[in-house]
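Working through the structure, step by step
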Amino acid sequence: MQSVNRIIALLFTLSLFFCAAFVHSQTVQPLENNHSTLAAVKQKLFDLLGENTQFSVEPYNNELRLVTTQNHTFFASPDGKYLYLGQVIDTESKIDLTELVKQQQRVTLIKTLPRDALLSYQASNEQHVITIFTDIDCPFCRKLHGKIEKLNHQGVTVDYVMIPRGKVGSSAFEKTAAALCARNPQEAMNQAMQVGHYQGNVTNVCENNLVTQQQLAQRFGFSATPTILLQNGEAISGLIKTDELLQRLADI
């Protein structure tokens, strides 16, 4: 998968692949059963990404093929000559088809989230559940953390997926693990989000949960923090006003 990430990173730097691809249909239209066409697309991707690369190719509509790797989803032209790694916009419906596909995939992934491995701030009158991908060292994450109490009062349970900026053994990882492994991890995280770290008694039974959370972030393709994931698969990047977030939840 390192070869995939290198190729994708390279392609994203080229202006050709940053331009929006405009198509005329959002819905999946009936397609001819042309296995040779899909095989041709796969071969061109193998030529580009390497024979050991794992990916799938399937029809999306008459103008696009959907390509899915382990952590990335993008479109290709029917003959595989062009890859569209940026936004693909339907000019009639004005919908970002790339984000639409990702949102649908996230709904499936949400159902597999191991909630017992996450740090949860539960609402007593739970009406909604949101998942926030966050980091103690992120200033906007810390501001968003200050809104959790109000969200809980409004019936919103907040589940945290922690993605510290470091691997096992790094200072970022260890201070996040210290908060998660505290006897009361919610209070420990409150302290860490206020002052940037947690100092107190810890156990050694939950450190693997942090590794699990980092892996979850990779599966969703999230690296920016904070990222707020709603149950309909919508992802909100960055800080958002509480009232606006509540309204978006109400609109689901």
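Just so it is clear, the model here is predicted, and its values are computed rather than measured.

Parameters at a glance
Residues numbered from 1 in each chain as written. Predicted model: local features only at pLDDT ≥ 70, side-chain atom pairs only at ≥ 80, totals over all residues. Heavy atoms only, no water. 1 Å grid on protein atoms, 1.4 Å probe; cavity = no way out; pocket = protein on both sides within 12 Å on 5 of 7 lines; lining within 4 Å. Points joined across faces, edges and corners; volume = space filled by probe spheres on them. Helix = DSSP H or I, 4+ residues; strand = E, 2+ residues; numbered from the N terminus. Polar contact = N/O pair within 3.5 Å; in protein donor to acceptor, adjacent residues only side chain to side chain. Contact = heavy atoms within 4.5 Å. Pairing = 2+ DSSP bridges. Axes fitted to C-alpha atoms, helices over the stretch in contact; angles between N-to-C directions.

On to the layout of surface pockets. The gaps of empty space that remain are located by a probe, the size of a water molecule, rolled over the atoms. Considering only enclosed or pocket space, the largest pocket measures out at about 1,200 Å³ in volume. Along its surface, the largest pocket is lined by 41 residues, and Ala217, Gln218, Phe220, Gly221 and Phe222 are the ones closest to its centre. Of all the elements in the fold, those that place two or more residues in the lining of the largest pocket are helix H1 (2–13), strand S4 (73–76), helix H4 (97–110), helix H9 (207–220) and strand S12 (235–237). It is H9 that contributes the most residues to the lining of the largest pocket, seven residues altogether.

Right, let's get into the environment of Gly86. Positionally, Gly86 belongs in the loop between strand S5 (83–84) and strand S6 (88–90). For Gly86 and Asp96, which are ten residues apart along the polypeptide, the C-alpha to C-alpha distance reads 9.9 Å.

Mapping Thr73 onto the fold places it in strand S4. A polar side-chain atom of Thr73 sits 3.0 Å from a polar atom in the side chain of Gln105. Discounting residues that sit within four places of it in the chain, Thr73 has contacts with Leu66, Val67, Thr68, Val101, Lys102 and Gln105.

This brings us to the environment of Arg65. Inspection of the secondary structure assignment puts Arg65 in strand S3 (residues 64–68). Once the C-alpha coordinates of Arg65 and Leu38 are considered, the two residues, 27 residues apart in sequence, prove to be 8.3 Å apart. Residues in contact with Arg65, not counting those within four places in the same chain, are Thr37, Leu38, Val57, Glu58, Pro59, Tyr60, Phe74, Phe75, Ala76, Ser77 and Pro78. Within the structure, the side chain of Arg65 is placed 2.8 Å from the backbone oxygen of Asn61, a separation counted as a polar contact.

Structurally, Thr68 can be placed in strand S3. If sequence neighbours within four positions are ignored, Thr68 has contacts with Phe55, Ser56, Thr73 and Gln105.

Once that is clear, we can look at the sheet that holds S5. Ordered in space as S2-S3-S4-S5, the four strands form an open sheet in which the pairing is antiparallel. Each edge of the open sheet is held by one strand with a lone partner, namely strand S2 (56–61) and S5. As paired strands, S3 and S4 are joined by four bridges and run antiparallel to one another. By the bridge assignment, Arg65 is partnered in S4 with Ala76. Against the sheet, H4 touches S2, S3 and S4, its axis set at about 135° to S4.

All quantities given are derived from atomic positions and should not be read as evidence of function.
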